[in-house]
Amino acid sequence: MTQTIAPRVRTLVLLLLAAACALLVGAGPASAHAAVTGSDPGQGAVVDKAPARISLTFSEQVAMSDDSLRVLDPEGKRVDTGKPANVSGTTYAVPLHPGLPDGTYTVAYQVVSADSHPVAGAYTFSIGAPSKTSVSVSGQSADDGVVGWLYGFGRYVSYAGFIVMAGGAAFVLACWRRGAGVRPVQRFVVSGWVALTAATLALLLLRGSFTGTGKVADIFDLSLLGQVLQTKTGAALVSRLLLLAAAALFIAVLFGAYDKREDAQEKRDLTFGLSIGGVVVAAGLAASWAMSEHASVGLQAGIAMPVDVLHLLAVAAWLGGLGALLVALYRAPAETPVDAPAVRRFSQVAFGSVLALIATGTYQSWRQLGSWSAFTDTRYGQLLLAKIGLVVVMVGVAWISRRWTGRLAQTVPAASAVRQKERVAARADAAGDTETAAAGNGNASGEGDDDGEGDGDGDSGLDTGTDEQPGAEPAGTERAAQLARQQAARDAARQKRVRDADPNRFGLRRSVLAEAGIAVVLLAVTTVLTQTEPGRTEQEAKAATSSSTADAGASGALTLNMPFDTGGEDGKGIVTIDVDPARVGDNEMHVYVERPNGRAFDIPEVKVEFTLKAKDIGPLPVVPDHIATGHWSANGVQIPMAGDWQVDVTVRTSDIDEVTVSKNAQIG
């Protein structure tokens, strides 16, 4: 039966690995984790005269090089001068040549966000009037191509290596200490360390090209490597390598001195020391991800980083321990099979890990999504739904494994009795073999006696050959050793047959294999998720882009969204101004007031004023009429001149609570 199962296992593992690779390949290049939330001039804007500089505002701090911001004229020539500079907060600017002619200009940017991911893109604006341009802004991606795919695969291998190494070691210490002497389990944990170390070195080499040119030739550029070492991501990767040296020492002790300890007290002390040291090293390795990726930036970073560390440790304990259990079930020697108590202890560890994953995952989802709509409206939310679905399925399969574990525990006494009978039978067989060998020797001596030539004749050649032949005793010893080896092989084969014939153990193997298969795909989805722009950032970027497009004076209605807070009870909300067609002359204006949850509500008063400061025009007041709940309207709103108008909205939510919010918009 085992010979039939093994090829199926290999085939299933290969299929699951292929599915994981397909997920990684089909994911496309990693999306940006910082987004452009504003620009001056705005995307698609048409300005009357050439600006002195171009500025971009991002959703978080970014790292820039000399060529991070480039401005190209219609012929594709650069018109920016100097280096990009941080002018305020998350706004960066680059100066332009004075007196630029009319036409359409392209702004291209390539930066690295605070959570270590490259951000690239481009947009256009026009001076005077739009024109044809020879610059292509499509298909620009900071991590596209071979280097991008290699970097993504390296991240997958690094996550898998950490899970295998940390989870496998935890399984040995917490669940099955006899596993420290089992070679397949040792190889499993060591392979995790090797994979993580190799992937970390590869990521260090790929990082410079990944965030820069994307060229394969730049992978071994030492100058780029030097720049990487000065970044937050480079420091995290170097820290990971140093911690891997400590992990190597931990593994050497676990599979060396620990396994050889005979004294119970010494083994308990060493178990305690290894447990503390292992947790510290594993937490440090997990922190090397938390300190440089999603958790390190954005909302509540001080809380998010330790939560992320706990999340990674829980994943490793569950999935890595599951892999070690699978290896033990299929590859452990017959004389040291994984027993029911070990499986039961792992079931408890896995249950605790799942609870930790639910708690930390819920917090991370809230932090990265920000709204229920982000689950379906953003790529991050869609991937998160897929991950949640896989976890639910995996927990269901784990419940089946737990049932098999209970049945396995019930069959342990019977199995022990069978093994005891086999040992008795084995001793009897060994005794029978010994008696047979002795009888053979006795027959040989008896035949000599019957001949009457052996005894009493010291000069007999037969006697001399029997008593003095130096190889007689070693031959008997060799024969006994050979019989012992044969008997040991028969015992091992018999035990293996009994173990493999146990339907409960066979069922447990299949369910654990199914869990491991889902875990491979789950890890691939998680890797893609960590490379995808968070839903909260994506929605903010979409809103900012929409507002920027409206503010740029594009044809059609102008829409301005302005949050407000009057400070009183029920004083928070969002006021939306629609001006159609947002041109010089008569316009129709609509005002909408909503609560933060999107529900419309009425307030005592709302007023709007338009001011064109550049021409000292205004403020021009507009008092809209109440139409319906949360909806006001005004017709014949006169805009006398095109320009950058300031729109002021005064919102009053009670007799004393009011606030004025403002936003600029290009009208005309």
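Owing to the predicted nature of the structure, the values given are computational and were not obtained by experimental measurement. (Residues numbered from 1 in each chain as written. Predicted model: local features only at pLDDT ≥ 70, side-chain atom pairs only at ≥ 80, totals over all residues. Heavy atoms only, no water.)

Before going further, it helps to spend a moment on a nonpolar patch on the surface. A grouping of Val146, Leu150 and Val216 is seen on the molecular surface, where their side chains present a nonpolar patch of about 250 Å² in accessible area. Mapped onto the elements of the fold, Val146 is located in helix H2 (residues 146-174). (Patch = residues over 30% accessible without salt bridge, like charges linked within 9 Å, V, L, I, M, F, W, Y side chains within 5 Å. Areas by Shrake-Rupley, 256 points an atom, 1.4 Å probe, with all protein chains shown as cover. Salt bridge = Lys/Arg side-chain N within 4 Å of Asp/Glu carboxyl O. Helix = DSSP H or I, 4+ residues; strand = E, 2+ residues; numbered from the N terminus.)

What follows deals with the sheet that holds strand S6 (residues 85-88). A sheet is described by the order of its strands in space; here 4 strands give the open sequence S1-S3-S7-S6, paired in antiparallel fashion. Among the strands making up the open sheet, the edge pair consists of strand S1 (36-40) and S6. Recorded for the sheet is a direction-independent mean angle of 30 degrees between the axes of neighbouring strands. (Pairing = 2+ DSSP bridges. Axes fitted to C-alpha atoms, helices over the stretch in contact; angles between N-to-C directions.)

Core analysis: the biggest nonpolar cluster contains 67 residues, and Phe162, Trp176 and Leu254 have the highest contact counts within it. Sorting the residues of this core by element identifies H2, helix H3 (183-210), helix H5 (232-254), helix H7 (264-290), helix H8 (301-331), helix H9 (340-369), helix H11 (379-451) and helix H14 (503-530) as the ones contributing at least two each. Counting residues per element, this core draws most heavily on H8, which supplies 15 residues. Once you skip the residues sitting within four places of it in the chain, Phe162 turns out to touch Gly167, Leu196, Ala282, Leu285, Ala286, Trp289, Leu312, Leu313 and Ala316. By size, the runner-up hydrophobic cluster in this structure holds 29 residues, among which are Leu560, Phe564, Val591 and Val606. (Core = buried A, V, L, I, M, F, W, Y, C linked by side-chain atoms within 4.5 Å. Buried < 20%, exposed > 50% of the residue type's maximum accessible area, 1.4 Å probe, protein only. Contact = heavy atoms within 4.5 Å.)

Right, let's get into the environment of Asp73. In this structure, Asp73 sits in the loop between strand S5 (69-72) and S6. Distance in space between the C-alpha atoms of Asp73 and Asp102 is 9.5 Å, their sequence separation being 29 residues. Not counting residues within four places of it along the chain, the set of residues in contact with Asp73 comprises Val79, Thr104, Tyr105, Thr133 and Val135. In terms of polar contacts, Asp73 uses its side chain to reach the backbone amide nitrogen of Lys77, at 2.8 Å. (Polar contact = N/O pair within 3.5 Å; in protein donor to acceptor, adjacent residues only side chain to side chain.)

On to the confidence of the model for the protein, then. Looking at the protein, the pLDDT average stands at 77 and 76% of residues meet or exceed 70. In the model, residues 1-6 has pLDDT below 50 throughout and makes 6 contacts with residues more than four positions away in sequence or in other chains. Low pLDDT, under 50, characterises residues 433-472; the predicted model gives this stretch 13 contacts beyond four residues in sequence or across chains. (pLDDT = per-residue confidence, 0-100.)

A separate point is the side chain of Thr233. Tracing the backbone shows Thr233 in helix H5. Here Thr233 is in contact with Ser116, Tyr151, Arg207 and Ser292, once residues within four sequence places are set aside.

Scanning the entire structure with this criterion turns up 10 aromatic pairs. Geometrically, the ring pair formed by Tyr363 and Trp366 is tilted, given 6.0 Å between the ring centres and 40 degrees between the ring planes. With a gap of 3 residues between them, Tyr363 and Trp366 both fall in helix H9, about one helical turn apart. By relative accessible area, which is 18% here, Tyr363 ends up buried. Site record: aromatic cluster; members linked through ring pairs are Phe58, Tyr92 and Tyr109. Across the ring face of Trp289, the terminal group of Arg240 is positioned such that the distance to the ring centre comes to 3.9 Å. (Phe/Tyr/Trp six-rings, centres within 6.5 Å; stacked < 30°, edge-to-face > 60°. Lys NZ or Arg CZ within 6 Å of the ring centre and 35° of its normal.)

For the rest of this paragraph, the subject is the pattern of salt bridges. Enumeration according to the criterion identifies 3 salt bridges in this entry. A salt bridge links Glu605 to Arg652, with the nearest nitrogen and oxygen atoms 3.0 Å apart. Placement of Glu605 in strand S13 (residues 605-612) and of Arg652 in strand S17 (residues 643-652) is noted, with a sequence separation of 47 residues between them. Residue classification places Arg652 among the buried residues on the basis of a relative accessible area of 19%. As a salt-bridge pair, Asp655 and Arg652 come within 3.9 Å of each other at their nearest N and O atoms. Note on Asp655: relative accessible area 74%, which makes it exposed. Within the structure, one salt-bridge network assembled from shared partners comprises Glu605, Arg652 and Asp655.

On to the packing of H2 against H5. Packed helices, taken two at a time, are described by their axes: the angle between them and the distance between them. At their nearest, the axes of H2 and H5 sit 12 Å apart, and the two run at 30 degrees to each other. As far as their axial angle goes, H5 and H2 are roughly parallel. In this structure, H2 crosses over H5, and the sense of that crossing is left-handed. The residues of H5 that touch H2, namely those facing Tyr151, Ser158, Met165, Ala169, Val172 and Leu173, are Thr233, Arg240, Leu244, Ala247, Phe250, Ile251 and Leu254. The class makeup of the residues in the contact of H2 with H5 is 10 nonpolar, 2 polar and 1 charged. (Parallel < 35°, antiparallel > 145°, perpendicular 65-115°, else oblique. Left-handed = near helix turned anticlockwise from the far one by under 90°. Nonpolar A, V, L, I, M, F, W, Y, C, P; charged D, E, K, R; others polar.)

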